[in-house]
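# Residue-level structural notes
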Amino acid sequence: DAKTTQPPSMDCAEGRAANLPCNHSTISGNEYVYWYRQIHSQGPQYIIHGLKNNETNEMASLIITEDRKSSTLILPHATLRDTAVYYCIVRVKETSGSRLTFGEGTQLTVNP
Amino acid sequence: NAGVTQTPKFRILKIGQSMTLQCAQDMNHNYMYWYRQDPGMGLKLIYYSVGAGITDKGEVPNGYNVSRSTTEDFPLRLELAAPSQTSVYFCASSYGGPDQPQHFGDGTRLSIL
């Protein structure tokens with residue numbers, strides 16, 4: 001899997017958009033970008049994923065640059081419950097053993 | 001829709017004891033996974049299954065066993081508990097292969113004393 005780089009921590013005011021960056025300069029053409037988050041003491045939660053087009057779902061938006069070397073996860077209206085560690089993962093298309101390799105992630109703190 | 005359910009939520013074992021961590025999913029997912037997460041660390045894959053009757057080792061399988069007799073259930077067995085197995089254990093499932101998102105349970109917090 002391609003290596004990813006994320007800032008260790010970010011702060012965001014409640015109600016504002018949270019923009020979490022991720023660099024993945026060694027990404028291959030068939031690798032997807034995934035975002036998960038882990039709220040303290042809970043299991044990881046899938047947020048969104050994409051290949052090369054921007055994606056949006058009920059939780060977030062994912063913006064992938066044209067060269068696919070970086071991406072940004074956008075939480076449009078952050079709430080206190082969005083405080084969590086956010087992981088950006090780039091995954092190869094393995095035929096088996098498709099484990100998730102979590103890096104350091106970004107600790108997002110949403111402040112009142 | 002319950003998703004992925006893990007039991008128990010907490011357990012304390014003595015060295016040498018055995019136990020089974022239960023995992024069940026009601027999403028008709030073919031793929032299921034067991035991970036462990038040590039404090040401040042990322043996930044490590046223990047075992048995974050691509051369907052009923054099929055299991056395979058992940059990164060850290062030693063000291064664990066699994067079975068997959070049904071699509072819904074994927075229990076993880078610790079035969080001789082050791083302090084190094086103190087961790088939080090997460091079960092996950094996905095509908096298909098590597099490009100499908102994984103859905104996680106809330107974890108089992110296991111301490112071996």
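None of these values were measured; they are calculated from a predicted model.

### Overview of the overall build of chain A
Per the secondary structure count, chain A includes zero helices and nine strands. Listing every helix and strand of chain A by position from the N terminus yields β-β-β-β-β-β-β-β-β. The globule rule puts the C-alpha radius of gyration for 112 residues at 13 Å, and the 13 Å found for chain A is close to it. Seen through its C-alpha atoms, chain A measures out along the principal axes to roughly 45 × 30 × 25 Å. Partitioning the intrachain contacts of chain A with sequence separation of at least 6 by distance along the chain shows that 57% fall at a separation of at least 24. About 5,700 Å² of surface is accessible on chain A, with carbon and sulfur atoms providing 48% of the total. The average position of the 10 basic charges and that of the 11 acidic charges among the side chains of chain A differ by 3 Å.

### Focus: the sheet that holds strand β6 (residues 61-64) of chain A
All names here are of chain A. One open sheet holds the four strands; their spatial order is β2-β7-β6-β5, and the pairing between them is antiparallel. With partners counted over all chains shown, the strands left at the sheet margins are β2 (18-23) and β5 (55-56), one partner each. Strand direction decides the pairing type here: β2 and strand β7 (residues 70-75), joined by six bridges, are antiparallel. The residue of β7 that forms the bridge with A18 is L75.

### What to know about the packing of aromatic side chains
Taken as a whole, this structure holds eight aromatic pairs over all chains when the rule is applied. Joined through ring pairs, the aromatic side chains of Y32, Y34, Y36 and Y46 of chain A together with Y31, Y33, Y35 and F104 of chain B make up one cluster. The ring of F74 of chain B is capped by R68 of chain B, whose NZ or CZ atom sits 5.9 Å from the centre of that ring.

### Remarks on the side chain of Q6 of chain A
Residue and element names in this part refer to chain A. Note that Q6 resides in the segment before β1 (9-13). Among the residues examined, Q6 registers a relative accessible area of 14% and is labelled buried. Polar contacts involving the side chain of Q6 include one to the main-chain amide nitrogen of C88, which spans 2.9 Å.

### Some words on the pattern of salt bridges
Residue and element names in this part refer to chain A. Under the counting rule described, the total for this entry stands at three salt bridges over all chains. The salt bridge partner of D82 is R37, with a shortest N-O separation of 2.8 Å. Of this pair, D82 sits in the loop between β7 and β8 (84-91) while R37 sits in strand β3 (residues 32-38), and the two are 45 residues apart along the sequence. Here D82 matches R37 in class, with each residue buried.

### A look at the nonpolar core
Residues W35, L73, Y86 and L108 of chain A are the most contacted members of the largest nonpolar core, which totals 21 residues. With four residues, β8 of chain A is the largest single contributor of residues to this core. Apart from residues lying up to four places away in sequence, L108 of chain A is in contact with M10, D11, C12, A18, L20, L75, D82, T83, A84 and Y86 of chain A. In terms of nonpolar packing, the next biggest core, distinct from the first, is built from 19 residues, V4, V66, F74 and C91 of chain B among them.

### Some points on the state of the cysteines
Summed over all chains, the structure comprises two disulfides over all chains. The partner cysteine of C22 of chain A in its disulfide is C88 of chain A, sulfur to sulfur 2.1 Å. Its torsion about the S-S bond being -80 degrees, the disulfide of C22 of chain A and C88 of chain A is classed as left-handed. Of the two residues, C22 of chain A is situated in strand β2 and C88 of chain A in strand β8; the sequence distance between them amounts to 66 residues. The disulfide partner of C23 of chain B is C91 of chain B, and the gap between their sulfur atoms is 1.8 Å. Handedness of the C23 of chain B-C91 of chain B disulfide follows from its S-S torsion of about -75 degrees: it is left-handed. Linking C23 of chain B in strand β3 (residues 19-25) with C91 of chain B in strand β9 (residues 87-94), this pair joins segments that are 68 residues apart in sequence. Sulfur of C12 of chain A: no disulfide; nearest cysteine sulfur belongs to C22 of chain A and is 18 Å away.

Quick notes on the rules
Residues numbered from 1 in each chain as written. Chains lettered and ligands numbered in written order. Predicted model: local features only at pLDDT ≥ 70, side-chain atom pairs only at ≥ 80, totals over all residues. Heavy atoms only, no water. Helix = DSSP H or I, 4+ residues; strand = E, 2+ residues; numbered from the N terminus. Rg over C-alpha atoms; globule rule 2.2 N^0.38 Å. Contact = heavy atoms within 4.5 Å. Areas by Shrake-Rupley, 256 points an atom, 1.4 Å probe, with all protein chains shown as cover. Lys, Arg positive; Asp, Glu negative; His and termini not counted. Charge placed at Lys NZ, Arg CZ, Asp CG, Glu CD. Pairing = 2+ DSSP bridges. Phe/Tyr/Trp six-rings, centres within 6.5 Å; stacked < 30°, edge-to-face > 60°. Lys NZ or Arg CZ within 6 Å of the ring centre and 35° of its normal. Buried < 20%, exposed > 50% of the residue type's maximum accessible area, 1.4 Å probe, protein only. Polar contact = N/O pair within 3.5 Å; in protein donor to acceptor, adjacent residues only side chain to side chain. Salt bridge = Lys/Arg side-chain N within 4 Å of Asp/Glu carboxyl O. Core = buried A, V, L, I, M, F, W, Y, C linked by side-chain atoms within 4.5 Å. Disulfide = S-S within 2.5 Å.

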